[in-house]
Amino acid sequence: MTISYNWLSEYLPEKVEPEKLSRILTSIGLEVETMEAFEEVKGGLKGLVIGEVLECQKHPDADKLSLTKVTIGSGDPLQIVCGAPNVAAGQKVVVATIGTTIYPSTGEPLTMKKAKIRGAESHGMICAEDEIGLGQSHDGILVLPADAKVGTPAAEYFNTYTDIIYEIGLTPNRMDAMSHLGVAKDVCAYLSHHNKKDTSVRSPFKNNFKADNHTLPVEVVIENTTACQRYSGVSIQGVTIAESPKWLQQKLKSIGLRPINNIVDITNFILHETGQPLHAFDADAITGKKVIVKNVAEGTPFITLDSKERKLSAEDLLICNTEAPMCIAGVFGGLKSGVTATTKNIFLESAWFDPSTTRKTSFRHGLRTDAAARFEKGVDISNTVNVLKRAAIMIKEIGGGQIASDVVDVYPDPKPKTEVALKYHYLKKLSGKNYHGDTVKNILTSLGFEMIKEGMDEMWVKVPFSKPDISIGADLVEEIMRIDGLDNVEIPQMISIAPAVETMAHTTAYQEKTAAYLVGLGFNEIFTNSITNSAYFSETVLQSTVKMINNLSEELNVMRPSMLETGLETIAHNLNRKNNNIRFFEFGRTYSTSGVGTYAEDNHLCLFVTGTKIEGNWNSKAQKADLYFVKAAVEKIAALSGLTISEFTAVENEKLANAIEVKSRNEVVAVIGEINKKTLDKFDCRQPVFFADINWDKLMQLNKKNSISFKEIPKFPSVQRDLAIVVDKNIAYQQIEKTTFAVKLNKLKSINLFDVFESEKLGAGKKSMAVSFTFSDEEKTMTDAEIDTMMNKIIGAYEKELNAEIRK
């Protein structure tokens, strides 16, 4: 939620300094995430000054340049070379002196320096309006009226608008704070409580509404009184659609809204002032002079303001005239009934639409508007008429015209206020603090609660319609604690807790151990969103994917069935910012379903590697990351869990090239591979990315079957022997390893491939593989005879099983 300091201050009875206001907002639960300065003109015209051109003559060496003498009210006149065709002596102009930074309407900032242009020194610049962000024209320099005072700072002369903008992190239940007026009410409640004096909001609502005539009445009928419980409207005739006044534009710009025209800008202003969405119809487009709030037939076509035709659902609520729909209620207007430059008469709507219906319609059509965001959280049903009157008066004042009807207010079944009880001992139990009854009463009444009755141990209150989330005593406790200040919660001297058994300690310990290893290997841990885009997956995968019912956006609509895609989004983000050497790991979950109500969550550890594995320096070349780097990391992770990888098997994979299944104890624990080009192209990744997906649940299951044993470190030295063999090119190292261990030599501790050589001299279709073996006897020093015997057994197995030749 974006809040303007200047705008908010208009509703406060006393000025509160920006920093203090920021602390107050955070203290009452409206956490200020950012606080930034806003400048209507970028740079705020700092350093620019009003000057006068004293002399102007042609540059001796350039036909299109002029040599000028300019005074800025202090010091000697400045010589400035100017290329503008309209520069002349006697003009009042805007001057950028040396050291001043200017911010053009388009382009990068520019700092003035002393320059020599065609042999003539220039000590600054005479500015055009686009060069300092005041407009788009570059036809010539900006010439000011003759009464402009020389030496006046440009920021003072142009009176540029500045502000402080707060970004507030609202929780979903705080719809009452989705407006400047709502935030002001909270601030006033805080000030009343802490300053011990009544501090009320300066209300923008004035009791001066009056119809000028009754020449444009519009009848309102609500057919669906569940989805629309209140509908108010008023007609205004003879308006002039034009640009909004400067003050209104400045307010909207400060919170990031683009001014459109006076009518639309007023509705946007009211929305952010009060939290109540309004909609303006071209009254001449309301056939039959009748507004009907109803549902229409399934599949009814409707063209919205963005000129797109949408097929309506029978569950959508529509604002219709006697012939056709005009607007999707609470979400988006229609093309044919909207306000245009030629509109003269308008009908202004202020209504209450059901939050659930609005939200479903908004997501169904992919229309996430400010109005929908308010309605789906619940607006103040008691305030529709007050807001409507304020907007009508503003339109009359700014857009001209006359109020051409009384307010029509259809409210078939007025809602009673929610009544909630609060027991004082319950307040103490939840808050940990003793509150006096008068303090509780003052806080709640300052927030708009209405006292019903008070007792020795409890009080009953009526909840204001602006707080639809409050329904139980715990909600009242939250309100009291907010206004008292969440940072004022007392810390008890003694805390009583019940001992708990940590069920995930085993898994967590190995997770931390693995994370520490990967960080030491140069990896960085990432956390990506569990909700992702269904467009990343094939129809086959989507059949078992968990789909979101009320997704946050069109792109985030499924729970991820794989962690590869969300990781690639992060890889692409970094590659696009020139971070090309990346090692990421992520612990996370994937989600799947085998039918309605049947869901599965699986824990994974995924590795992503791209770029170089060893950076180049003065005495060695850079080495690019490859599949073997990822393979080694997976083997080490398994070893950290007490497991040995028993098999690597090549498999087909939709998104991986050279995919390999990794097994331990005949169970698949991981899949590794290079992400294929088709997948990389989807994420605009232009360099190879290697990936490993470790089934963390399976790894931990196998780990739990381990029995921990200890043995003494060998006292006798190990012995290493090397062997080079010639085999067919299609023989993989895994086959050599498998054949070696099949000989079952207890004293063979390890085997390692250290060289592969291919040459026509070895024979067609042949290659040489050099392998080292490590032998160890825990009881004695091994003899050459023993080692030769074991080596001969290995050679025999190679010759028999692999048809290998021994290289001499």
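Read on for an overview of the structure. In this convention, every chain numbers its residues from 1, walking through the sequence in written order. Under the rules for a predicted model, residues below a pLDDT of 70 receive no local features and side-chain atom pairs below 80 are neither given nor counted, while totals for whole chains, interfaces and linings still include all residues. Only heavy atoms go into the side-chain values, all of them from the structure, while hydrogens and water stay out.

### What about the packing of aromatic side chains?
- Pairing of aromatic rings covers Phe, Tyr and the six-membered ring of Trp, with a centre-to-centre limit of 6.5 Å; geometry is then stacked below 30 degrees between planes, edge-to-face above 60, and tilted otherwise. Scanning all chains against the criterion turns up twelve aromatic pairs.
- With a centroid separation of 4.9 Å and an interplanar angle of 10 degrees, the aromatic rings of Trp7 and Phe269 are classed as stacked. Of this pair, Trp7 sits in helix H1 (residues 5-9) while Phe269 sits in helix H6 (residues 262-274), and the two are 262 residues apart along the sequence. Just as Trp7 is buried, Phe269 falls in that class too.
- A centroid spacing of 6.3 Å and a plane angle of 10 degrees characterise the contact between Phe523 and Phe629, whose relative ring orientation is stacked. Secondary structure counts use DSSP, requiring at least four H or I residues in a row for a helix and at least two E residues in a row for a strand, with both numbered from the N terminus. Only protein chains enter the area calculation, which uses a 1.4 Å probe; residues under 20% of their type maximum are buried, those over 50% are exposed, and those in between are partly exposed.

### A few points about helix H16 (residues 627-640)
- Expected helix span is given by 1.5 Å per residue-to-residue step, counting one fewer step than there are residues. Under the 1.5 Å per step criterion, the end-to-end length of H16 is 20 Å for 14 residues, consistent within 8% with the ideal 20 Å.
- Buried residues of H16: Leu627, Phe629, Val630, Ala633, Val634, Ile637, Ala638 and Leu640, and no others.
- Whenever a nitrogen or oxygen atom comes within 3.5 Å of another N or O atom, the pair is scored as a polar contact, on the condition that within protein one atom can donate a hydrogen and the other can accept it, and that pairs from neighbouring residues in sequence are kept only if both atoms are in side chains. Here H16 starts with a cap whose side-chain oxygen sits 3.2 Å from the backbone nitrogen of Tyr628, and that cap is Asp626.
- Two residues or fewer past H16, Gly642 is found with a positive phi of approximately 80 degrees.

### Some remarks on the pattern of salt bridges
- We count a salt bridge whenever a side-chain nitrogen from Lys or Arg sits within 4 Å of a carboxyl oxygen from Asp or Glu. One pass over the structure, following the stated rule, counts 41 salt bridges.
- Where Glu786 meets Lys780, a salt bridge forms, and the shortest distance between an N and an O atom there is 2.6 Å.
- The exposure class of Glu786 is partly exposed, given its relative accessible area of 23%.
- If you follow the salt bridges from partner to partner, you end up with Arg174, Asp176, Asp186, Lys467, Glu479 and Arg482 in one network.

### Some details on the packing of helix H13 (residues 505-520) against helix H18 (residues 696-704)
- Where helices are involved, their axes are fitted lines through C-alpha atoms of the stretch in contact, as for all axes, and angles between N-to-C directions lie from 0 to 180°. At a minimum axis separation of 11 Å, H13 and H18 run at an interaxial angle of 115 degrees. What the angle tells us is that H13 and H18 run roughly perpendicular. As H13 runs across H18, the sense of the crossing is right-handed. Touching His506, Thr507, Tyr510, Gln511 and Thr514 of H13 are Trp696, Met700, Asn703 and Lys704, all from H18. In this scheme, roughly parallel covers angles under 35 degrees and roughly antiparallel covers those over 145, while 65 to 115 is roughly perpendicular and the rest are oblique. Crossings are sorted by hand: turned counterclockwise from the far helix by less than a right angle, the near helix makes the crossing left-handed, and turned clockwise it makes it right-handed. In this description, contact between two residues means that some pair of their heavy atoms is separated by no more than 4.5 Å.

### Focus on the side chain of Asp354
- Note on placement: Asp354 falls in the loop between strand E23 (346-353) and helix H7 (355-364).
- This count recognises Lys and Arg as positive and Asp and Glu as negative, with His and chain-terminal groups excluded. This buried residue, Asp354, is left without a salt bridge; Lys360 holds the nearest opposite charge, at 7.3 Å.
- Here the side chain of Asp354 touches Thr357 through a polar contact of 2.8 Å, side chain to side chain.
- Beyond its immediate stretch of four places on either side in the chain, Asp354 contacts Thr226 and Ala227.

### Examining the packing of H6 against helix H9 (residues 384-399)
- Following both chains from N to C, one finds H6 and H9 inclined at 145 degrees, their axes separated by 10 Å at the closest point. In this structure, the crossing between H6 and H9 has a hand that is right-handed. Of the residues in H9, those touching H6 at Asn262, Ile263, Ile266, Phe269, Ile270, Glu273 and Thr274 are Val387, Arg390, Ala391, Met394, Ile395, Ile398 and Gly399.
- For the contact of H6 with H9, the per-class residue count stands at nine nonpolar, three polar and two charged. When residues are grouped by polarity, Ala, Val, Leu, Ile, Met, Phe, Trp, Tyr, Cys and Pro land in nonpolar, Asp, Glu, Lys and Arg in charged, and all others, Gly among them, in polar.

### Things to note about the sheet that holds strand E22 (residues 332-333)
- Think of it this way: DSSP has to see at least two bridges between two strands before they count as a pair. Ordered by their spatial adjacency, five strands build an open sheet running E14-E17-E20-E21-E22, and the pairing between neighbours is mixed. In this open sheet, the two strands that pair with only one neighbour each are strand E14 (219-222) and E22.

### Describing the state of the cysteines
- Disulfides are defined as cysteine sulfur pairs within 2.5 Å. According to the stated counting rule, one finds zero disulfides in the structure shown.
- Here Cys56 stays unpaired: no disulfide links it, and the sulfur of Cys82, its closest cysteine neighbor, is 7.4 Å away.
- The class of Cys56 is partly exposed, set by a relative accessible area of 31%.

### A short note on the nonpolar core
- Counting 72 residues, the largest nonpolar core has Leu25 and Val440 as its most contacted members.
- At eight residues, helix H4 (residues 180-195) tops the list of elements feeding residues into this core.
- What Val440 contacts, discounting residues up to four positions off in sequence, is Leu422, Tyr424, Leu427, Tyr435, Met459 and Ile480.
- To define a nonpolar core, start from buried Ala, Val, Leu, Ile, Met, Phe, Trp, Tyr and Cys residues and group those joined through side-chain atoms within 4.5 Å. Judged by nonpolar contacts, the second largest core, of 31 residues, contains Phe523, Ile645, Ala670 and Ala692.

Taken by themselves, the reported measurements are silent on function.
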